[in-house]
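Listed below, chain by chain, are the residues.
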Amino acid sequence: MCRLKKCGGAAKTLLVLAVGLVLVAQPALGAPRKSVKQKLQEDPELSQFYLLLEQNVLANFTLNFHKATFFAPTNEAFQRFKGPVDDKLILYHIASGVSQTLDKLSDTVTTSYDGSPPLWVTRLQKGNTNKKELFINNAKVLEKRSNFQGVNSQNSPQVLHVIDEVLVPLTSVSTDTSVDNPDAAGFLAQSESVQLGSHRVRSFRQRVNQNQKEAVFKAGGGNTFFIPVDEGFKPPPRPEKIDMKVIDGHVIPGRVLFIRPTPTGEEFDTLAFTDNIRVQVSFSTQPDDKSHRAYVSSNTVVGDTSHPTGVVMAEIVHANIPVKNGVVHLIHRPLMVVDTTVTQFLQSFKGIVSEKEDGPLNKLYEVIMDHGGEFMTQITNMKSLTLFAPSNAAWANANLNNILQTKDKVKEILRMHLVAEKLPLETILSENIIQVESAAARKNLYFNVIRHGHNETLTVEGGGVNATVVQPNIAATNGIVHIIDRVLGIPYSTVGEKLATDPALNKTFWLAQSERFNEQLNNPHKRFTFFVPRDAAWEKAELHYPSTHKKLFMRDFQYHAKSILERHLIVDQAFTMAELKDLFQRNESAVPHTVRDVLHIKVKEIDKSYYIEWQGERILVSRPDVECTNGIIHVIDSALLRDTDVYVTGGVRGLGPVMSVLTLLLAATLAF
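Just so you know, these numbers come straight off a predicted model, no measurement behind them.

1. Here we look at the overall build of the chain
Secondary structure summary: the chain contains 23 helices and 28 strands in total. Counting all 672 residues of the chain, 49% fall into the buried class. When contacts within the chain are restricted to residue pairs at least 6 apart in sequence, long-range pairs at least 24 apart make up 63% of them. About 32,600 Å² of surface is accessible on the chain, with carbon and sulfur atoms providing 51% of the total.

2. A short note on helix α8 (residues 202-210)
Buried residues of α8: Phe204, Arg205, Arg207 and Val208, and no others. In a view along the axis of α8, the buried residues occupy a sector of 160°, so they form one face of it. Among the structural elements, α7 (184-189), α9 (214-218), β9 (223-228) and α10 (244-248) are those in contact with the buried residues of α8. Two residues or fewer after α8 comes Gln212, characterised by a positive phi angle close to 55°.

3. Some details on the packing of helix α12 (residues 362-371) against helix α15 (residues 407-416)
Where α12 contacts α15, the axes come no closer than 10 Å and their chain directions differ by 135°. Overall, the two elements α12 and α15 adopt an arrangement that is oblique. The element α12 and its partner α15 pack so that their crossing is left-handed. In this structure, α12 contributes Leu364, Val367, Ile368 and His371 to the contact, and α15 contributes Lys407, Val410, Lys411 and Leu414.

4. Considering the environment of Pro360
Along the chain, the position of Pro360 falls in the loop between α11 (342-347) and α12. In sequence terms Pro360 and Ser391 are 31 residues apart; their C-alpha atoms lie 6.2 Å from each other.

5. Description of the pairing of strand β5 (residues 132-136)
The element β5 is extensively covered by neighbouring structure, given that four of its five residues are classed as buried. Relative to β5, strand β4 (residues 118-125) runs antiparallel, the two sharing five bridges. The residue of β5 that forms the bridge with Leu124 is Glu133. Here β4 folds back onto β5, and the loop between the two strands holds six residues, one of which, Gly127, carries a positive phi near 55°. Direction of pairing for β5 relative to strand β6 (residues 139-140): antiparallel, over a ladder of two bridges. Its bridge partner lying in β6, Phe135 is registered against Lys140. Taken together, β5 and the strand that follows it, β6, pair antiparallel across an intervening segment of two residues, in which Asn137 is found at a positive phi of about 50°.

6. Quick notes on helix α5 (residues 57-65)
For α5, the full list of buried residues reads Ala59, Thr62, Leu63 and Asn64. For α5, the elements touching its buried residues are α3 (36-42), α4 (47-55), β1 (68-73), β2 (94-96) and β8 (157-163). Put simply, Asn56 is the residue that caps the front of α5, since its side-chain oxygen is 3.0 Å from the backbone nitrogen of Leu58.

7. Notes on the packing of aromatic side chains
For any two aromatic rings, the description comes down to two numbers: the centre-to-centre distance and the angle of the planes. Within this structure, the stated rule accounts for nine aromatic pairs. For the ring pair Trp538 and Phe553, a centre distance of 5.9 Å and an interplane angle of 85° mean the geometry is edge-to-face. With a gap of 15 residues between them, Trp538 in helix α19 (residues 535-544) and Phe553 in the loop between α20 (546-552) and α21 (558-566) connect regions that are remote in the sequence. Judged by its relative accessible area of 0%, Trp538 is buried. Cluster of aromatic residues (ring-pair linked, three or more members): Phe204, Phe217 and Phe225.

8. Topic: the sheet that holds β6
Across the sheet, which stays open at both edges, the four strands sit in the order β3-β4-β5-β6 with antiparallel pairing between neighbours. At either end of the open sheet lies a strand with only one pairing partner, and these are β3 (108-110) and β6.

9. Observations concerning the side chain of Thr62
Within the secondary structure layout, Thr62 lies in helix α5. A relative accessible area of 2% means that Thr62 is categorised as buried.

10. Here's the deal with the sheet that holds β8
Pairing within the open sheet is mixed, and its four strands lie in the order β2-β1-β8-β7. The open sheet has two edge strands, β2 and β7 (148-151), and neither has a second partner. The average angle at which neighbouring strand axes cross in this sheet is 20°, direction not considered. As paired strands, β1 and β2 are joined by three bridges and run antiparallel to one another. Residue Phe70 lies in a different strand from β2, and its bridge partner there is Ile94. Where α4 meets the sheet, its contacts fall on β1 and β2, and the angle it forms with β1 comes to roughly 130°.

11. Describing the pattern of salt bridges
On inspection of all chains with the given rule, the structure shows 34 salt bridges. Where Asp107 meets Arg123, a salt bridge forms, and the shortest distance between an N and an O atom there is 3.5 Å. Of this pair, Asp107 sits in the loop between β2 and β3 while Arg123 sits in strand β4, and the two are 16 residues apart along the sequence. By relative accessible area, which is 54% here, Asp107 ends up exposed. The exposure class assigned to Arg123 is partly exposed, which follows from its relative accessible area of 30%.

12. Some words on the nonpolar core
If you look at the biggest cluster of nonpolar residues, it comprises 37 residues, and the most contacted ones within it are Leu40, Leu53, Phe70 and Ile136. If we skip the residues at most four places from it in the chain, Ile136 touches Phe71, Leu105, Leu119, Trp120, Val121, Val141, Ile163 and Leu167. In terms of nonpolar packing, the next biggest core, distinct from the first, is built from 32 residues, Leu385, Val410, Leu414 and Ile483 among them.

13. Focus: the pairing of β7
Where β7 lies against β8, four bridges are found, and the strand directions are antiparallel. Bridged to Phe148 within β8 is Leu160. What sits between β7 and β8 in their antiparallel hairpin is a turn of five residues, with Asn155 showing a positive phi close to 65°.

14. A short note on the packing of α12 against helix α13 (residues 373-381)
Running from amino to carboxyl end, α12 crosses α13 at an angle of 110°, the nearest separation of the two axes being 5 Å. Taken together, α12 and α13 sit at an angle that is classed as roughly perpendicular. Side by side, α12 and α13 meet where Tyr365, Ile368, Met369 and His371 of the first sit next to Gly373, Phe375 and Met376 of the second. Partitioning the contact of α12 with α13 into residue classes produces five nonpolar, two polar and no charged.

15. Observations concerning the environment of Ser282
Along the chain, the position of Ser282 falls in strand β12 (residues 278-287). Considering only alpha carbons, one finds Ser282 and Thr264, 18 residues apart in sequence, at a separation of 6.9 Å. Discounting chain neighbours no more than four positions away, the residues touching Ser282 are Gly265, Glu266, Glu267, Tyr295, Val296 and Ser297.

The rules behind these values
- Residues numbered from 1 in each chain as written.
- Predicted model: local features only at pLDDT ≥ 70, side-chain atom pairs only at ≥ 80, totals over all residues.
- Heavy atoms only, no water.
- Helix = DSSP H or I, 4+ residues; strand = E, 2+ residues; numbered from the N terminus.
- Buried < 20%, exposed > 50% of the residue type's maximum accessible area, 1.4 Å probe, protein only.
- Contact = heavy atoms within 4.5 Å.
- Areas by Shrake-Rupley, 256 points an atom, 1.4 Å probe, with all protein chains shown as cover.
- Arc of directions from axis to C-beta.
- Axes fitted to C-alpha atoms, helices over the stretch in contact; angles between N-to-C directions.
- Parallel < 35°, antiparallel > 145°, perpendicular 65-115°, else oblique.
- Left-handed = near helix turned anticlockwise from the far one by under 90°.
- Pairing = 2+ DSSP bridges.
- Polar contact = N/O pair within 3.5 Å; in protein donor to acceptor, adjacent residues only side chain to side chain.
- Phe/Tyr/Trp six-rings, centres within 6.5 Å; stacked < 30°, edge-to-face > 60°.
- Salt bridge = Lys/Arg side-chain N within 4 Å of Asp/Glu carboxyl O.
- Core = buried A, V, L, I, M, F, W, Y, C linked by side-chain atoms within 4.5 Å.
- Nonpolar A, V, L, I, M, F, W, Y, C, P; charged D, E, K, R; others polar.

Structure representation (structure tokens):
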């Protein structure tokens, strides 16, 4: 007080105001935080979750009195959910005794469900950013709506996270009994008591027991288990092939891989990845009429006499079954076992070899049976073959509709996808195979390898269509199947579009930008025949005519580049190589006119390959008859180029000779 007495009036006034502000603010500082219960009551999109919380006694008690973390599916998630919704289901969405924000979530979260089964947390990198998406089992956490922190009536901290799928625990077939959080071995042992729909796994369980591999399915930590259903053990010899190594090939140790957060195409080592045998597994999805089907593929990179190399593809018929030591996926057939022909592989997803109604090549199978049944007979009788099989999505191209009405054309297209030899991806890459004959008359397939760092992607072209191999090396007893993303032989791009997208024609495309040369090539009302030098042809020109080549690729000489390309282009007519050959056979003096001048060439066919002869040079047509929607491209191994095509003594854009004459005239004028 003595100090206050010494203070001036202004200071006393400020002090009184400060104390008043503190007193006014005190009720606000002590105001209770909103509870998770209040948050749920106020959010109409979480009403179904809140209703289930109220209906379950234990869940409601936890909400009102215990420390807990809640994982709330949206109403939309419940609408999509096809399983039974009872009051016990809600307990699998509650972690009692912990309140964890997203940054504090551990890899597993113990739930309040019977047996306290865990939830598995996956953090998925978002592209090239440092951000990560979080998944709880197979459900994605909606981060912007999550991390709500509150306290209940007992002042216990609680956290609410919102997810986009209902979490599904392992449930019993009978409401009178419960499944006490088994590991994968326990799941196998009591599978008849578990809710699996019509699926049974007795055959695989029997092979596990006979090979004394139960310990593999009891292993602690987090693992991924693939278990074939009984329908996949046909024909009868198949069960005997499920030996110890094959069983190991159905387990990914140390990784809990639910479908959605697992990157497609990424390969994971299985227990069968040792010095003697190496098997990896990857996931993939394909759209069907209603949703996406999930598949798993085993790739035996290093095999032995009992375990051949190659890919075995199986559909996941019941995914994301959580167990104490990871996750189980039921699959429609065993992995690693190569015991079907190419024909049987196509049929195995169509209810002939198994009871499945669909598969990754369902559309191809339908086209074969509807339009070219004899094609199936052909591949059935072949002892060695490679089938480039278009995926279901590949057949969605609108350009196919009219073609599929013509049976003979469909037969030719199907044969274009077939090669009468076994060509694994590694053989094509290691032996640098550039082209092979297809089963279609005079139709070759051409390969190109695209490299990104250590990754290699194979593309295959047939009939002007460039397709990417999206799933290579599916092994069969009589060959190989490579799944591709387009149907070969049915052009969908113009000459200009093909030039822009073909990885082997980059240099011609770059030159064709000169003087807007490219624009005409997209005209749908014109027809073109274009002799296109491939990249290697320009590299050859650089060796033979270094100065001319250098100038062509300089912006100052675009006029010359355009003129040279016009020498390669015939407008208003689209000739196949066979038609050009016939034209010259009927009339040796026939000379097609290009945009620039008369093209004095001759066409020869030697050992099933076409050549053009131009100014004494024989040039291989390395890819004839690349069909486009408005013409035909013939890829050639040498450019139609002379060293004198770009004659420059100075000036700009090749005007050197003109400038030299002008200089002489000017000098003569000045002399007078």
